[in-house]
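# Observations on the three-dimensional arrangement
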Amino acid sequence: MKRIPTRAACSLLGLVLLPALAVAQEVGRIDRERGRTMLRQLRGEIERHYYDPAFRGVDLEARAAELETRIDTARSLAEVLASVAQLALHFGDSHTFFVPPQQTVRVDYGWQMLMVGDSTCFVARVEPGSDAAGQGVKPGDRVLSVNGYRPTRRNLWQILYLFHLLRPQPGLRVVLESPAGEQRQLDLAAEVRQRFRVADLTGADGGGDLYRLIREAQEDQRELE
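Every value quoted in this text rests on a predicted model; they were computed, and no experiment measured them. (Residues numbered from 1 in each chain as written. Predicted model: local features only at pLDDT ≥ 70, side-chain atom pairs only at ≥ 80, totals over all residues. Heavy atoms only, no water.)

## Describing the nonpolar core
Ranked by internal contacts, the top residues of the largest apolar core, which has 26 residues, are L42, I46, L87, F91, F98 and Y161. For this core, the elements supplying multiple residues, two or more each, are α1 (29-49), α2 (60-72), α3 (77-89) and α5 (156-166). Of the residues forming this core, the biggest block, 7 residues, is contributed by α3. Within the second largest apolar cluster, 22 residues are counted, among which are Y109, M113, M115 and V146. (Core = buried A, V, L, I, M, F, W, Y, C linked by side-chain atoms within 4.5 Å. Buried < 20%, exposed > 50% of the residue type's maximum accessible area, 1.4 Å probe, protein only. Helix = DSSP H or I, 4+ residues; strand = E, 2+ residues; numbered from the N terminus.)

## A look at the packing of α1 against α3
For any two helices packed against each other, the geometry is given by the interaxial angle and the distance between the axes. At their nearest, the axes of α1 and α3 sit 9 Å apart, and the two run at 10 degrees to each other. Relative to α3, the element α1 is oriented roughly parallel. Contacts between α1 and α3 involve D31, G35, M38, L39, L42, R43 and I46 from the first element and L77, V80, L81, S83, V84, L87 and A88 from the second. Tallied by class, the residues present in the contact of α1 with α3 amount to 10 nonpolar, 2 polar and 2 charged. (Axes fitted to C-alpha atoms, helices over the stretch in contact; angles between N-to-C directions. Parallel < 35°, antiparallel > 145°, perpendicular 65-115°, else oblique. Contact = heavy atoms within 4.5 Å. Nonpolar A, V, L, I, M, F, W, Y, C, P; charged D, E, K, R; others polar.)

## Quick notes on the packing of aromatic side chains
Considering all chains together, one arrives at 3 aromatic pairs under this definition. Ring centres of Y50 and Y51 lie 4.8 Å apart, and the angle between their planes is 50 degrees; this geometry places the pair in the tilted category. Y51 sits in the partly exposed class, given a relative accessible area of 33%. The interplanar angle of 45 degrees and the centroid separation of 4.7 Å between the aromatic rings of Y50 and F91 together place this pair among those described as tilted. Of the two residues, Y50 is situated in the loop between α1 and α2 and F91 in the loop between α3 and β1 (105-108); the sequence distance between them amounts to 41 residues. Counting every residue linked through ring pairs, the aromatic cluster contains Y50, Y51 and F91. (Phe/Tyr/Trp six-rings, centres within 6.5 Å; stacked < 30°, edge-to-face > 60°.)

## What about the packing of α1 against α2?
Between α1 and α2, the least distance of the axes is 9 Å, while the angle of their chain directions is 165 degrees. Taken together, α1 and α2 sit at an angle that is classed as roughly antiparallel. In terms of crossing hand, the pair formed by α1 and α2 is right-handed. For the pair α1 and α2, the contacting residues are R32, G35, R36, L39, R40, R43, I46 and E47 in the first and L60, E61, A64, L67, E68, I71 and D72 in the second. Tallied by class, residues from the contact of α1 with α2 come to 6 nonpolar, 1 polar and 8 charged. (Left-handed = near helix turned anticlockwise from the far one by under 90°.)

Next up, the structure:
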(Lines give C-alpha, C1' and ligand atoms only; values in the text may rest on other atoms or scores of the structure.)
Protein backbone atom coordinates (compact mmCIF):
# COMPACT_ATOMS: atom_id res chain seq x y z
CA MET A 1 0.00 0.00 0.00
CA LYS A 2 1.62 3.25 -1.07
CA ARG A 3 1.27 6.42 0.97
CA ILE A 4 1.79 9.27 -1.48
CA PRO A 5 -0.87 11.99 -1.14
CA THR A 6 -2.98 13.00 -4.10
CA ARG A 7 -5.95 15.25 -4.93
CA ALA A 8 -7.60 12.85 -7.38
CA ALA A 9 -11.40 12.96 -7.09
CA CYS A 10 -13.22 9.66 -6.64
CA SER A 11 -15.93 10.28 -9.24
CA LEU A 12 -16.19 6.92 -10.98
CA LEU A 13 -17.20 4.52 -8.22
CA GLY A 14 -20.21 3.47 -10.25
CA LEU A 15 -17.95 1.98 -12.87
CA VAL A 16 -17.19 -1.00 -10.65
CA LEU A 17 -20.75 -2.18 -11.22
CA LEU A 18 -20.32 -2.48 -14.98
CA PRO A 19 -20.57 -5.99 -16.48
CA ALA A 20 -17.19 -7.67 -16.48
CA LEU A 21 -15.69 -9.67 -19.32
CA ALA A 22 -15.49 -12.74 -17.13
CA VAL A 23 -18.44 -15.11 -17.03
CA ALA A 24 -20.76 -14.29 -14.12
CA GLN A 25 -20.53 -17.69 -12.45
CA GLU A 26 -22.37 -18.39 -9.22
CA VAL A 27 -20.66 -17.40 -6.00
CA GLY A 28 -20.17 -20.07 -3.36
CA ARG A 29 -19.52 -19.84 0.36
CA ILE A 30 -15.76 -20.18 -0.08
CA ASP A 31 -15.70 -17.41 -2.71
CA ARG A 32 -17.54 -15.04 -0.38
CA GLU A 33 -15.23 -15.87 2.51
CA ARG A 34 -12.20 -15.19 0.34
CA GLY A 35 -13.73 -11.87 -0.64
CA ARG A 36 -14.29 -10.94 3.00
CA THR A 37 -10.71 -11.97 3.80
CA MET A 38 -9.33 -9.76 1.02
CA LEU A 39 -11.49 -6.87 2.23
CA ARG A 40 -10.23 -7.21 5.79
CA GLN A 41 -6.62 -7.44 4.62
CA LEU A 42 -7.07 -4.33 2.48
CA ARG A 43 -8.60 -2.46 5.40
CA GLY A 44 -5.69 -3.51 7.60
CA GLU A 45 -3.14 -2.29 5.06
CA ILE A 46 -4.89 1.07 4.82
CA GLU A 47 -5.04 1.41 8.60
CA ARG A 48 -1.33 0.62 8.96
CA HIS A 49 0.14 2.47 6.01
CA TYR A 50 -2.13 5.23 4.70
CA TYR A 51 -0.39 8.60 4.93
CA ASP A 52 -3.39 10.37 6.53
CA PRO A 53 -4.37 8.97 9.97
CA ALA A 54 -7.82 10.55 9.48
CA PHE A 55 -8.21 8.59 6.20
CA ARG A 56 -9.23 11.78 4.36
CA GLY A 57 -12.53 11.80 6.21
CA VAL A 58 -13.55 8.29 5.12
CA ASP A 59 -15.26 6.26 7.86
CA LEU A 60 -13.21 3.15 7.19
CA GLU A 61 -15.11 0.91 9.63
CA ALA A 62 -18.52 1.85 8.25
CA ARG A 63 -17.42 1.55 4.62
CA ALA A 64 -15.86 -1.87 5.23
CA ALA A 65 -19.01 -3.11 6.97
CA GLU A 66 -21.17 -1.87 4.09
CA LEU A 67 -18.96 -3.62 1.53
CA GLU A 68 -18.85 -6.84 3.52
CA THR A 69 -22.65 -6.88 3.37
CA ARG A 70 -22.45 -6.31 -0.37
CA ILE A 71 -20.11 -9.32 -0.69
CA ASP A 72 -22.73 -11.42 1.10
CA THR A 73 -25.28 -10.57 -1.61
CA ALA A 74 -22.95 -10.53 -4.63
CA ARG A 75 -24.23 -12.47 -7.64
CA SER A 76 -20.84 -13.06 -9.30
CA LEU A 77 -17.13 -13.22 -8.54
CA ALA A 78 -16.77 -9.93 -10.42
CA GLU A 79 -19.12 -8.26 -7.95
CA VAL A 80 -17.14 -9.69 -5.03
CA LEU A 81 -13.89 -8.22 -6.37
CA ALA A 82 -15.61 -4.92 -7.18
CA SER A 83 -16.79 -4.67 -3.58
CA VAL A 84 -13.24 -5.17 -2.29
CA ALA A 85 -11.83 -2.63 -4.74
CA GLN A 86 -14.39 -0.02 -3.78
CA LEU A 87 -12.93 0.38 -0.29
CA ALA A 88 -9.72 1.81 -1.76
CA LEU A 89 -11.56 3.76 -4.46
CA HIS A 90 -13.42 5.75 -1.80
CA PHE A 91 -10.14 7.62 -1.19
CA GLY A 92 -9.88 8.85 -4.77
CA ASP A 93 -6.12 8.36 -4.44
CA SER A 94 -4.26 7.16 -7.52
CA HIS A 95 -1.57 5.61 -5.30
CA THR A 96 -4.01 3.55 -3.25
CA PHE A 97 -5.86 0.81 -5.04
CA PHE A 98 -6.63 -2.89 -4.79
CA VAL A 99 -4.82 -5.25 -7.16
CA PRO A 100 -7.23 -8.13 -7.80
CA PRO A 101 -6.24 -11.75 -8.39
CA GLN A 102 -5.16 -12.39 -11.96
CA GLN A 103 -7.99 -12.51 -14.48
CA THR A 104 -8.32 -15.57 -16.71
CA VAL A 105 -8.30 -13.25 -19.73
CA ARG A 106 -6.15 -10.34 -20.84
CA VAL A 107 -7.43 -7.55 -23.06
CA ASP A 108 -5.63 -5.24 -25.45
CA TYR A 109 -7.78 -2.32 -26.58
CA GLY A 110 -5.35 -1.43 -29.37
CA TRP A 111 -5.03 2.25 -28.48
CA GLN A 112 -3.83 4.46 -25.65
CA MET A 113 -4.71 7.93 -24.46
CA LEU A 114 -3.00 10.70 -22.51
CA MET A 115 -3.95 14.01 -20.93
CA VAL A 116 -2.81 17.45 -22.06
CA GLY A 117 -3.64 19.93 -19.34
CA ASP A 118 -6.36 19.10 -16.82
CA SER A 119 -9.31 18.34 -19.08
CA THR A 120 -8.14 17.56 -22.61
CA CYS A 121 -7.48 13.94 -23.51
CA PHE A 122 -6.00 12.73 -26.81
CA VAL A 123 -5.35 9.40 -28.48
CA ALA A 124 -1.60 8.90 -28.09
CA ARG A 125 -1.02 5.62 -29.93
CA VAL A 126 -2.94 3.21 -32.13
CA GLU A 127 -1.69 -0.32 -32.75
CA PRO A 128 -1.56 -1.38 -36.41
CA GLY A 129 -4.06 -4.13 -37.12
CA SER A 130 -6.27 -3.28 -34.15
CA ASP A 131 -9.99 -2.63 -34.44
CA ALA A 132 -9.29 1.01 -33.51
CA ALA A 133 -6.91 1.32 -36.46
CA GLY A 134 -9.45 -0.35 -38.75
CA GLN A 135 -12.09 2.20 -37.73
CA GLY A 136 -9.83 5.14 -38.47
CA VAL A 137 -8.76 6.13 -34.97
CA LYS A 138 -5.58 8.20 -35.19
CA PRO A 139 -3.13 9.77 -32.74
CA GLY A 140 -4.25 13.33 -32.14
CA ASP A 141 -7.97 12.52 -32.03
CA ARG A 142 -9.51 14.07 -28.93
CA VAL A 143 -11.19 11.62 -26.54
CA LEU A 144 -14.48 13.15 -25.38
CA SER A 145 -15.81 10.10 -23.52
CA VAL A 146 -15.06 6.45 -22.76
CA ASN A 147 -18.09 4.28 -21.99
CA GLY A 148 -19.97 7.47 -21.17
CA TYR A 149 -17.34 9.02 -18.88
CA ARG A 150 -15.35 12.14 -19.79
CA PRO A 151 -11.66 11.60 -19.02
CA THR A 152 -9.89 14.28 -16.98
CA ARG A 153 -6.51 14.42 -15.33
CA ARG A 154 -8.16 13.54 -12.02
CA ASN A 155 -10.07 10.47 -13.16
CA LEU A 156 -7.99 9.04 -16.02
CA TRP A 157 -6.18 6.69 -13.64
CA GLN A 158 -9.54 5.33 -12.48
CA ILE A 159 -10.69 4.67 -16.04
CA LEU A 160 -7.45 2.83 -16.82
CA TYR A 161 -7.57 0.88 -13.56
CA LEU A 162 -11.17 -0.21 -13.96
CA PHE A 163 -11.08 -1.16 -17.63
CA HIS A 164 -7.58 -2.67 -17.74
CA LEU A 165 -7.08 -4.27 -14.34
CA LEU A 166 -10.32 -4.62 -12.39
CA ARG A 167 -13.08 -4.97 -15.01
CA PRO A 168 -11.59 -5.69 -18.48
CA GLN A 169 -14.18 -5.25 -21.21
CA PRO A 170 -14.58 -6.87 -24.65
CA GLY A 171 -14.67 -3.38 -26.11
CA LEU A 172 -15.13 0.30 -25.31
CA ARG A 173 -17.63 2.83 -26.65
CA VAL A 174 -15.80 6.10 -27.27
CA VAL A 175 -16.67 9.51 -28.61
CA LEU A 176 -13.80 11.09 -30.50
CA GLU A 177 -13.23 14.44 -32.16
CA SER A 178 -10.83 14.76 -35.08
CA PRO A 179 -8.41 17.72 -35.35
CA ALA A 180 -10.85 19.15 -37.92
CA GLY A 181 -13.64 19.12 -35.31
CA GLU A 182 -15.61 16.10 -36.60
CA GLN A 183 -17.17 14.07 -33.79
CA ARG A 184 -17.94 10.37 -34.07
CA GLN A 185 -19.04 7.57 -31.75
CA LEU A 186 -17.26 4.25 -32.16
CA ASP A 187 -17.50 0.82 -30.56
CA LEU A 188 -13.89 -0.33 -30.47
CA ALA A 189 -13.41 -4.06 -29.92
CA ALA A 190 -10.56 -5.31 -27.77
CA GLU A 191 -8.31 -8.26 -28.51
CA VAL A 192 -9.07 -10.83 -25.83
CA ARG A 193 -6.41 -13.39 -24.98
CA GLN A 194 -6.94 -16.33 -22.66
CA ARG A 195 -4.48 -16.64 -19.82
CA PHE A 196 -3.33 -19.94 -18.38
CA ARG A 197 -5.65 -20.97 -15.56
CA VAL A 198 -2.81 -22.73 -13.73
CA ALA A 199 0.68 -21.27 -13.40
CA ASP A 200 3.78 -23.08 -12.15
CA LEU A 201 5.28 -20.81 -9.47
CA THR A 202 7.93 -23.33 -8.38
CA GLY A 203 10.29 -22.66 -11.28
CA ALA A 204 10.20 -26.33 -12.28
CA ASP A 205 9.30 -25.33 -15.84
CA GLY A 206 12.46 -23.27 -16.12
CA GLY A 207 10.78 -20.15 -14.76
CA GLY A 208 8.61 -19.57 -17.81
CA ASP A 209 5.37 -19.01 -15.92
CA LEU A 210 7.05 -16.79 -13.34
CA TYR A 211 8.65 -14.68 -16.06
CA ARG A 212 5.32 -14.36 -17.88
CA LEU A 213 3.51 -13.25 -14.71
CA ILE A 214 6.20 -10.66 -13.94
CA ARG A 215 6.08 -9.33 -17.50
CA GLU A 216 2.29 -9.06 -17.45
CA ALA A 217 2.39 -7.28 -14.07
CA GLN A 218 4.89 -4.78 -15.47
CA GLU A 219 2.65 -4.18 -18.48
CA ASP A 220 -0.37 -3.67 -16.22
CA GLN A 221 1.59 -1.13 -14.18
CA ARG A 222 2.61 0.80 -17.30
CA GLU A 223 -1.07 1.05 -18.27
CA LEU A 224 -1.73 2.91 -15.01
CA GLU A 225 1.21 5.33 -15.27
